[in-house]
Amino acid sequence: MLYRKTDYYYDPEILRLELEKYIPYFNQMDQLSIKFDPHKNLNELPHYQCIGRSPSDILDWNFTEICPIFKNSKFLNILSNLKESTKRIRLMRIKPRSCYSFHYDTYRRLHWALLTFPECHMSFQSSVNNEFTGFHIPADGFGYWTDTKIKHTAVNPTMEYRYHLVIDIIE
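Residues numbered from 1 in each chain as written. Predicted model: local features only at pLDDT ≥ 70, side-chain atom pairs only at ≥ 80, totals over all residues. Heavy atoms only, no water.

Q: Quick question: what am I supposed to make of the sheet that holds strand β5 (residues 85–94) here?
A: Whether parallel or antiparallel, the strands of a sheet pair through hydrogen bonds between backbone atoms. Reading across from one edge, β1-β10-β7-β12-β5-β2 is the order of the six strands in this open sheet, with antiparallel pairing throughout. The open sheet is flanked by β1 (3–9) and β2 (31–33), the only strands paired with a single partner. Neighbour-to-neighbour, the strand axes of the sheet open up by a mean angle of 25 degrees, direction not taken into account. For β1 and strand β10 (residues 142–146), the ladder comprises four bridges, and the chain directions are antiparallel. Of the residues in β10, the one forming a bridge with Lys 5 is Tyr 144. Against the sheet, helix α1 (residues 12–22) contacts β1, β2, β5, β7 (108–115) and β12 (162–170), and its axis sits at roughly 85 degrees relative to β7. (Pairing = 2+ DSSP bridges. Helix = DSSP H or I, 4+ residues; strand = E, 2+ residues; numbered from the N terminus. Axes fitted to C-alpha atoms, helices over the stretch in contact; angles between N-to-C directions. Contact = heavy atoms within 4.5 Å.)

Here it is in structure tokens:
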């Protein structure tokens with residue numbers, strides 16, 4: 001399973017409006033942490049704590065605290081309904097006309113598209129024939145499982161930012 005729609009649902013219009021509150025907080029890294037480890041990186045703002053590539057000690061991190069800017073966020077309603085245990089939880093955006101490098105992640109992830117366009121997609125490499133399978137995650141209010149332990153990328157060929165809520169799941 002490279003990707004799969006889940007039964008997790010939240011009103012997409014509420015999610016889009018909630019996203020608008022946080023757009024001003026984005027910096028050059030294009031990510032905001034929703035949960036953080038209160039014992040790590042105490043010299044930086046919690047919502048910038050674990051963005052970008054995972055630090056080498058990511059497996060030891062204990063993401064137990066909600067960042068202060070997210071204390072009253074509607075995104076917490078999604079988290080409260082999850083059956084799975086989580087690690088990093090971030091708002092992520094991809095700049096217009098850009099993509100991530102091909103990479104593998106340590107955990108499977110749940111994605112909620114908050115603001116996206118039909119041209120935006122994730123591509124996964126098949127371990128059988130090395131071909132790539134593309135998939136657009138719509139902003140339909142549903143969470144989507146993605147097997148990001150498989151080589152993949154995310155692509156935004158549009159002239160607008162694309163935003164997702166991304167949740168690392170502990171298996």
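Q: Mind showing me how you'd approach the state of the cysteines here?
A: Chemically, a disulfide is nothing more than a covalent bond linking the sulfur atoms of two cysteines. All told, the structure shown has zero disulfides when counted by the stated rule. The closest cysteine sulfur to the non-disulfide-bonded Cys 99 is located on Cys 120, 11 Å from its own sulfur. Here Cys 120 falls in the buried class, since its relative accessible area comes to 2%. (Disulfide = S-S within 2.5 Å. Buried < 20%, exposed > 50% of the residue type's maximum accessible area, 1.4 Å probe, protein only.)

Q: I tried to follow the nonpolar core on my own but got confused; where do I start?
A: Within soluble globular proteins, side chains that are nonpolar tend to cluster in buried spots. Of all hydrophobic cores here, the largest spans 27 residues; its most connected members are Phe 75, Leu 91, Trp 112, Leu 165 and Ile 167. Contributing elements (two or more residues each) for this core: α1, α2 (75–81), β5, β7 and β12. Ignoring anything within four residues of it in the chain, the contact list for Leu 91 reads Leu 19, Tyr 22, Phe 26, Asp 30, Gln 31, Leu 32, Ile 34, Phe 70, Phe 75, Leu 114, His 164 and Leu 165. Ile 94, Met 122, Phe 135 and Ile 137 belong to the second largest nonpolar core, which has eight residues in total. (Core = buried A, V, L, I, M, F, W, Y, C linked by side-chain atoms within 4.5 Å.)

Q: I would appreciate a short explanation of the packing of aromatic side chains in the present structure.
A: One pair of aromatic rings is described through two measures. These are the centre distance and the angle between the planes. This structure, assessed with the given rule, holds eleven aromatic pairs. Ring geometry for Tyr 3 against Phe 135: centres 3.8 Å apart, planes inclined by 10 degrees, an arrangement best described as stacked. With Tyr 3 in strand β1 and Phe 135 in strand β9 (residues 132–135), this pair connects stretches of sequence that are 132 residues apart. Exposure remark for Tyr 3: the relative accessible area of 28% places this residue in the partly exposed category. (Phe/Tyr/Trp six-rings, centres within 6.5 Å; stacked < 30°, edge-to-face > 60°.)

Geometric values such as these leave the question of function open.
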